[in-house]
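The chain contents come next:
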Amino acid sequence: MIERLRRKFILIIMLLVGAMLAAACLGFLFTMRSSLEEASVSVLERVIWEDETPAWSVEEDEVTVSLPYFTVTVIPNGSAAIITSSQFYDLDDSESLLGAINAALEQEDSMGLLEDYGLRYLREATQVGWRLAFVDISYEQSMLGQAAVNVLLVGLAALAVLFVISVFLARWAVRPVERSWKQQRQFVADASHELKTPLTVILSNADLLEEEELSDQARHWTENIHTGGEQMRELVEQLLLLARSDSDQGQQMNLQPVDLSDLAETAALMFEPVAFEAGKLLVQEIQREIVVEGDSSRLKRLLDILLDNAVKYAAPGGQIRLSLRSEGRRALLTVSDQGTPLEKEELERIFQRFYRADEARSTQGFGLGLAIAQSIAQEHHGRLWAESDPAGWNSFYCSLPLG
């Protein structure tokens, strides 16, 4: 739990600051692009009507950079095109020049880009035809590309530094929660241990009293004491199991290859008469030789919890289905019961400790079984979740990696 909280904290910090950093970088690139475009347009506007033009330039970081350009006059009907001025531009490729001029004349807008030729153009009408100005945008594209690479490198470096800082911040921020969680967990474990001794004494005395000759009323009271003591012992054992699962002890399991198919069949045989006595039918569909890496006793408990839950909450005369099959590299265990469909809110909270979905369920158990089952699944690097359909089938799925 603490580790998941720490990871969420790091993820939130990285997402928030990463989004702000990305916005700043995009804003910088957009501003730079606008600045270069304005400089290029400025050159076009200044040279289009001047035949003998000095080398108009752009100042970038106090370094003067001359932009190659040339101007063209096109007489009516495009029968002739005269290059009126040029600066630092290679005019040897006449075919490309004619292609660029024709492309500029065909455009609807008077200003725009000719990406195929790497030029930006400006077109204005004259009394004798058209006046065209072209400026090379290779410098603009090169500057933008280099800036994008630099921004990317700086951004990645900043994210790396941010990640390291986030790790330390997450540990610092979660430390009080971790301390409180450990104290709570230790309290539950200690209290459960301390409760076991008086419960054992109470149950032992109740057993001795039941052996004596008592009146019917006294025997009734003795049975109530025994029943209440057994329920309390079951609750204490469940609390101890959860405390161990939360602690490091829950992670130290003797993992061995376990035939999950055999465990499922054994659990089905045990619960079949229980379901029959409750007026419910248990149906099984188990694929053979499905082996997982895990602790057999804990996996057996997971199966018992899911089947016991299905028997308790299936509708009278309803059906219970136990299914086990392999899906790729994972085993999928499914326990379904036919009863009242669970609401979306119930499906989200059903694995919380001490939560019971409705009043009908509140009289059965302590609301810890499914929390224990989920803990066991997580210990085995698996996932346990619930789904419900309008037809009344409530299904619990457990996905475990194959051994």
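Residues numbered from 1 in each chain as written. Predicted model: local features only at pLDDT ≥ 70, side-chain atom pairs only at ≥ 80, totals over all residues. Heavy atoms only, no water.

Draft legend 1. Up close: the pattern of salt bridges. Per the counting criterion, the structure on display carries seven salt bridges. For the salt bridge of R288 with D262, the shortest nitrogen-to-oxygen distance reads 3.3 Å. Placement of R288 in the loop between β9 (281-286) and β10 (291-294) and of D262 in helix α5 (residues 260-277) is noted, with a sequence separation of 26 residues between them. Given a relative accessible area of 44%, R288 falls into the partly exposed group. For D262, a relative accessible area of 34% translates into the label partly exposed. In this structure, D304 engages K300 in a salt bridge whose closest nitrogen and oxygen atoms are separated by 2.9 Å. Taken together, the positions of D304 and K300, both in helix α6 (residues 296-313) and four residues apart, correspond to about one turn of that helix. Take K300: its relative accessible area is 34%, and that puts it in the partly exposed class. What you see here is one network of salt bridges that share partners, running through D262, E265 and R288. (Salt bridge = Lys/Arg side-chain N within 4 Å of Asp/Glu carboxyl O. Helix = DSSP H or I, 4+ residues; strand = E, 2+ residues; numbered from the N terminus. Buried < 20%, exposed > 50% of the residue type's maximum accessible area, 1.4 Å probe, protein only.)

Draft legend 2. Structural view of a negative patch on the surface. The grouping of D207, E211, E212 and E213 at the surface amounts to a negative patch. Checked against the element boundaries, E213 lands in the loop between α3 (138-211) and α4 (216-246). (Patch = residues over 30% accessible without salt bridge, like charges linked within 9 Å, V, L, I, M, F, W, Y side chains within 5 Å. Areas by Shrake-Rupley, 256 points an atom, 1.4 Å probe, with all protein chains shown as cover. Lys, Arg positive; Asp, Glu negative; His and termini not counted. Charge placed at Lys NZ, Arg CZ, Asp CG, Glu CD.)

Draft legend 3. Layout of the packing of α6 against helix α9 (residues 369-379). The N-to-C vectors of α6 and α9 enclose an angle of 145°; their axes lie 9 Å apart at closest approach. In the packing of α6 onto α9, the handedness of the crossing is left-handed. For the pair α6 and α9, the contacting residues are R298, L299, R301, L302, I305, L306 and N309 in the first and G369, L370, I372, A373, I376, A377 and E379 in the second. For the contact of α6 with α9, the class distribution of residues is nine nonpolar, two polar and three charged. (Axes fitted to C-alpha atoms, helices over the stretch in contact; angles between N-to-C directions. Left-handed = near helix turned anticlockwise from the far one by under 90°. Contact = heavy atoms within 4.5 Å. Nonpolar A, V, L, I, M, F, W, Y, C, P; charged D, E, K, R; others polar.)

Draft legend 4. Seen up close, the confidence of the model for the chain. Averaged over all residues, the pLDDT of the chain equals 79, while 81% of them reach at least 70. In this model residues 359-363 is a low-confidence stretch, pLDDT under 50, and it forms five contacts with partners more than four residues away in sequence or in other chains. (pLDDT = per-residue confidence, 0-100.)

Draft legend 5. Focus on the environment of Y313. Along the chain, Y313 falls in helix α6. Y313 gets classed as buried once you look at its relative accessible area, which sits at 16%. Separated by 81 residues in sequence, Y313 and N394 have C-alpha atoms that sit 9.5 Å apart.

Draft legend 6. Looking closely at the packing of aromatic side chains. Following the criterion strictly, the structure yields two aromatic pairs and no others. Between F70 and F134 the ring centres are 4.9 Å apart and the planes differ by 15°, which places this aromatic pair in the stacked class. One end of the pair, F70, is in strand β3 (residues 69-74); the other, F134, is in strand β7 (residues 130-136), with 64 residues separating them in the sequence. Pair check on accessibility: F70 and F134 agree, each one buried. Ring plane angle 20° and centroid distance 5.4 Å describe the contact between W385 and Y397, whose orientation is recorded as stacked. With W385 in strand β13 (residues 383-388) and Y397 in strand β14 (residues 393-401), this pair connects stretches of sequence that are 12 residues apart. Exposure remark for W385: the relative accessible area of 19% places this residue in the buried category. Owing to a relative accessible area of 19%, Y397 belongs among the buried residues under this scheme. Across the ring face of W393, the terminal group of R321 is positioned such that the distance to the ring centre comes to 4.0 Å. The ring of W385 is capped by R383, whose NZ or CZ atom sits 4.2 Å from the centre of that ring. (Phe/Tyr/Trp six-rings, centres within 6.5 Å; stacked < 30°, edge-to-face > 60°. Lys NZ or Arg CZ within 6 Å of the ring centre and 35° of its normal.)

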